[in-house]
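Residue-level structure breakdown
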Amino acid sequence: MSIVVPVHSEPADQAEPLLPRLAGIGFGGDYNPEQWPEQTWYDDVRLMREAGVNLVSVGIFAWALLEPSPGSYDFGWLDRVLELLHDADIAVDLATPTAAPPPWFFRRHPEARLVDRDGRVLGVGGRQAFCPSSPAYRAAAARITEQLAVRYAGHPALTLWHSHNEYGGVNAHCYCETSAEAFRAWLRRRYRHLDDLNDAWGTSFWGQQYGDWAEIEAPRVAPTVVNPAQQLDFLRFSSDTHLDNFVAERNILHRLSPGVPVTTNFMIANCKWIDYRRWAAEVDVVSNDHYLQAEQPDNHIELAMAADLTRSVADGRGWLLMEHSTSAVNWQPRNVAKQPGELRRNSMGHLARGAESALFFQWRASRSGAEKFHSAMLPHSGTATRVWREVCALGAELARLDELRGTQVVADVGVVWDWPSWWALELEWRPSVDLSYLERVSAFYEATWRGHLTADFVDAEADLSRYPILLVPSLYLTTAAAATNLAAYVRDGGTLVVSYFSGIVDENDTVHAGGHPGALRDLLGVTVEEFLPLREGERVSLDGGESGDVWAEHVVLDGAEAMRHYLDGPAAGGPAVTRHRVGNGTAWYISTRLTGDDLSVVLREAGLPHRDGLPENLEIVRRLGPAHGYLIAINHGDRDATLAVDGDELLTGARSSGEFVVPAGGVRVLRSQRARM
Ligand code: GAL
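As a starting point, this report considers the structure included with it. (Residues numbered from 1 in each chain as written. Predicted model: local features only at pLDDT ≥ 70, side-chain atom pairs only at ≥ 80, totals over all residues. Heavy atoms only, no water.)

**Considerations on the sheet that holds strand β19 (residues 561-565)**
Whether parallel or antiparallel, the strands of a sheet pair through hydrogen bonds between backbone atoms. Keep this limit in mind: Strands are treated as partners if at least two bridges between them are detected by DSSP. Secondary structure counts use DSSP, requiring at least four H or I residues in a row for a helix and at least two E residues in a row for a strand, with both numbered from the N terminus. The axes are straight lines fitted to the C-alpha atoms, using for helices just the contacting stretch, and the angles between their N-to-C directions are given from 0 to 180°. Residues are treated as being in contact if the distance between any of their heavy atoms lies within 4.5 Å.
Taken together, the 7 strands give an open sheet; going across it, the order is β12-β11-β13-β14-β21-β20-β19, and neighbouring strands pair in mixed fashion. Whereas interior strands pair on both sides, the edge strands pair on one side only; in this sheet they are β12 (455-458) and β19. Across this sheet, the average inter-strand angle for adjacent strands is 20 degrees, counted without regard to direction. Helix α14 (residues 437-450) rests against β11 (413-416), β12, β13 (469-472), β14 (495-499) and β21 (585-590) of the sheet, and its axis sits at about 150 degrees to β12.

**Thoughts on helix α6 (residues 177-191)**
In an α-helix, one full turn covers 3.6 residues, which means residues spaced three or four apart are oriented alike. This is how the line gets drawn: Expected span of a helix, by definition, is 1.5 Å for each gap between consecutive residues, and there is one gap fewer than residues. The rule is simple: take the accessible area with a 1.4 Å probe, protein chains only, and divide by the maximum for that residue type; under 20% is buried, over 50% is exposed, in between is partly exposed. The arc in question is formed by the directions pointing from the helix axis toward the C-beta atoms.
For α6, with 15 residues, the first-to-last C-alpha span of 21 Å sits near the 21 Å given by 1.5 Å per residue. All of the buried residues along α6 are S179, A180, F183, R184, W186, L187 and Y191. On an axial view of α6, the arc spanned by its buried residues comes to 165 degrees, and they lie on one face. Against the buried residues of α6 lie α7 (194-201) and α8 (228-256).

**Details of the sheet that holds strand β2 (residues 55-58)**
Reading across the sheet, the 6 strands line up as β5-β4-β3-β2-β1-β9 and stay open at both edges, with parallel pairing between neighbours. The sheet terminates laterally at β5 (262-263) and β9 (357-360), the two strands that pair on one side only. With 4 bridges connecting them, strand β3 (residues 91-95) and strand β4 (residues 158-162) associate as parallel partners. Within β4, the position partnered with D93 by the bridge is L160.

**As for the pairing of β11**
Neither face of β11 is exposed, since V413 and V415 on one face and G414 and V416 on the opposite face are all buried. In this structure, β11 lies alongside β12, joined through 4 bridges in parallel fashion. Pairing of V415 across the sheet is with F457, part of β12. As defined by bridge partners, β11 adjoins β13 across 2 bridges and the pair is classed as parallel. Within β13, the residue paired with G414 across the bridge is L470.

**Section: the site of the ligand**
This is how the line gets drawn: Note on terminology: near, applied to a residue and a molecule or strand, indicates that one of the residue's heavy atoms is within 4 Å of it. Contacts described as polar in this section are N or O atom pairs within 3.5 Å, which, within protein, must combine one atom able to donate a hydrogen with one able to accept it, while residues neighboring in sequence count only if both atoms come from side chains. With residues, only the protein chains shown are counted as cover, and all accessible areas are computed by Shrake-Rupley using a 1.4 Å probe. The way it works is a 1 Å grid over only the protein atoms, where trapped points that fit a 1.4 Å probe form a cavity and open points with protein on both sides within 12 Å along at least five of seven lines form a pocket, and then any residue with an atom within 4 Å of a point lines it. Assignment to a cavity or pocket requires that more than half of a molecule's atoms be within 2 Å of the site's grid points.
Every residue lining the ligand is accounted for by F61, R127, N165, E166, D289, Y291, E323, W331, F361, E371 and H374. N165 is positioned such that a nitrogen or oxygen atom in its side chain is 2.8 Å from an oxygen atom of the ligand. For the ligand, whose accessible area on its own is 310 Å², the fraction buried by protein is 95%. If you map the ligand onto the pockets, it falls in the largest pocket.

**Here's the deal with the pattern of salt bridges**
In plain terms, the rule: Just to be clear on terms, a salt bridge is a Lys or Arg side-chain nitrogen sitting within 4 Å of an Asp or Glu carboxyl oxygen.
Summed over the entire model, instances satisfying the criterion amount to 40 salt bridges. The closest approach of N and O atoms between R46 and D43, which form a salt bridge, is 3.4 Å. Taken together, the residues span about one helical turn, with R46 and D43 both in helix α1 (residues 38-51) at a distance of 3 residues. For R564, the salt bridge is made with E605, and the minimal N-O distance between the two is 2.7 Å. In this pair, R564 is assigned in strand β19 and E605 in helix α17 (residues 596-606), connecting sequence segments 41 residues apart. Classification of E605 as partly exposed rests on a relative accessible area of 39%. One salt-bridge network, in which partners are shared between bridges, spans D308, R311, R353, D456, R466 and E619.

**Quick word on the packing of aromatic side chains**
Worth spelling out the cut-off: Pairing of aromatic rings covers Phe, Tyr and Trp, the last counted by its six-membered ring, and requires centre-to-centre distances within 6.5 Å; plane angles under 30 degrees mean stacked, over 60 mean edge-to-face, and any other angle means tilted. The criterion is that NZ of a Lys, or CZ of an Arg, lies within 6 Å of the ring centre and within 35 degrees of the ring normal, and then a charge sits over that ring.
Here the structure, examined in full by the defined rule, presents 36 aromatic pairs. Between Y73 and F75 the ring centres are 5.8 Å apart and the planes differ by 5 degrees, which places this aromatic pair in the stacked class. The partly exposed category is assigned to Y73, whose relative accessible area is 26%. A connected cluster of aromatic rings, assembled from ring pairs, spans Y167, F246, F266, Y276, W279, W417, W419, W422, Y437, Y445 and F457. A cation sits over an aromatic face here: R364 above W36, 5.1 Å from the ring centre.

**Here we look at the nonpolar core**
To keep it simple, the criterion reads: Buried residues of nine kinds, namely Ala, Val, Leu, Ile, Met, Phe, Trp, Tyr and Cys, make up a nonpolar core once their side-chain atoms join them within 4.5 Å.
Formed by 175 residues in total, the largest nonpolar core has its most connected members in F27, V58, L85, W161, L401, W417 and L496. Not counting the four nearest positions on each side in its chain, L85 is found in contact with Y31, V45, M48, V56, V58, I90 and V92. Within the second largest apolar cluster, 17 residues are counted, among which are F183, W186, A229 and F234.

**Concerning the layout of surface pockets**
Just so we agree on the cut-off: Grid points are joined across faces, edges and corners, and a volume is the space filled by probe spheres set on the points. Polar here means any residue other than Ala, Val, Leu, Ile, Met, Phe, Trp, Tyr, Cys and Pro, which are nonpolar, and Asp, Glu, Lys and Arg, which are charged; Gly is therefore polar.
A volume near 1200 Å³ is recorded for the largest pocket. If you go around the largest pocket, you meet 42 residues; those closest to its centre are F61, G126, R127, A370 and E371. Grouping the amino acids of the lining of the largest pocket by side-chain chemistry returns 18 nonpolar, 16 polar and 8 charged. Of the pockets and cavities examined, the second largest pocket occupies roughly 950 Å³. Listing elements by their share of the lining of the second largest pocket, those giving two or more residues are α9 (276-280), α10 (299-313), β10 (408-409) and β12.

Here you go:
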């Protein structure tokens, strides 16, 4: 098999280093020395050096040790840890420990406990058990953040601040009275006039008109469905509340520790409830945690999607992989261990797509506590293990990839991604319980991955002009501004492919007037007269040989032409896939759930490029720097693959004059001799 690496446009500018104080690609992980006797720290640092570790995150859950009782602090142990690390030339990503308030905090402030949607006050004894709107929590978090910032601002090991840990990870929403009050204040800022809120929420339905702000509650469990617009605003409010908490910490750190970047670790594509696009604008450096869905076949495709999404919210700049695992996690139903070589492929997969670090949870496996069965860089069995050997090998390899830092990933295709649309689509009482945002985005993404393409995820309201083709899976919530932008994109020559149940409602979950798919109806040149959800397991056949499930529609052409018809099912004889030429471009519509090859066939017909002749499981990503192009090839298959490309291979040091073998299960990073690649 061979590939001719395509010619790119102009070489890219080299971006500024992401972490000015870090010399290379970050390698290391969460380091929790507080779980170990002090003499172990010396072993840790020695072994870190052996493995090539240059960056560790410290103190993430250490609040109770740093502030053993309210207002009294013990930084002695942390001073010694930082000293040891610094002496060993290991940079520190110092955390604010605010994800795990100490037991004394909850005893003093029982009102700060999280209340779930059923109204239950949740217990403590884990982490993130606090209400994000709690003034007591905010004050305590600000105090410990200030203390840390004052003490360590000038520390030579300090390279990055790590605020909190996975905001909203397990406490995304709180329904206590304090939260309800904060929700009302948020609503007042958003709407100013109660009439406008009543309009936006459509409260004349079921007689819900509010006459006083004080009547509005957090959308707790109710006998039946609570107003979806209210729920949607509560989700926005909750994401914003966590963001406020981050911004408060970040501002303290900026003020007291100027010049040191601040990040917080995202859980992109896994934590549904945080609108990371809004968050990315507030962090100095985007960082992400990613864990494989261990039991899922081809789970490296989901990894690639998360990495592309992270780079995209970072606006194409580099980002940090803050956590992943060396092998199994401990919190999935069956925690499948990684196979030999998989750790390397996973780390390189993130790196290929813009990560400038490969960091893990965690450095040393814990003996106690909830995560003792989670893999680590240093397993319970120590250094005579496969995992340790693979960790050391990875550390050595990353040191050879420094020049990738600051180079830019080249994307072939844009995919629209929108958190509020995800939230809204999956509220109760949609036409089918089988509608899933992530399922549709993943299916479209998989088609790009299998075509050996790289995707950017974009906001439908952003500049889209750089993408010859744009995929729009399940954009249920489509604002008028997004619709106008998408229409301009097509008129100017773009190819748009939209899936069913897109363009349906506005930002208030109000159906766009005039028939579905409201906001996109003119652009797509179709009217959907009726949704025709399918029974469980029911399939419909199309006249191109494909078949769909879950969903069908009564589509009426209104300027578009039918590219496929339904052969059977509730829409038999009607259009299933349509094409509408608008200006210099084309807008396609797919009205049923196509997956796998069926979806790929239609997307290719619509103009999705694909690189033929490559083995199915070969992942390739291109990068551009000021002087060189790079091709990162990851072979997830069990047969060697050959690439027709010349250049230097950075991992092996080999030089090719025309052909490169990417061994089965292996990784190769090629630097082209030419400025263009
Ligand atoms: C992350 C979290 C870590 C650890 C890890 C285990 O979500 O940030 O602290 O719990 O999961 O996989």
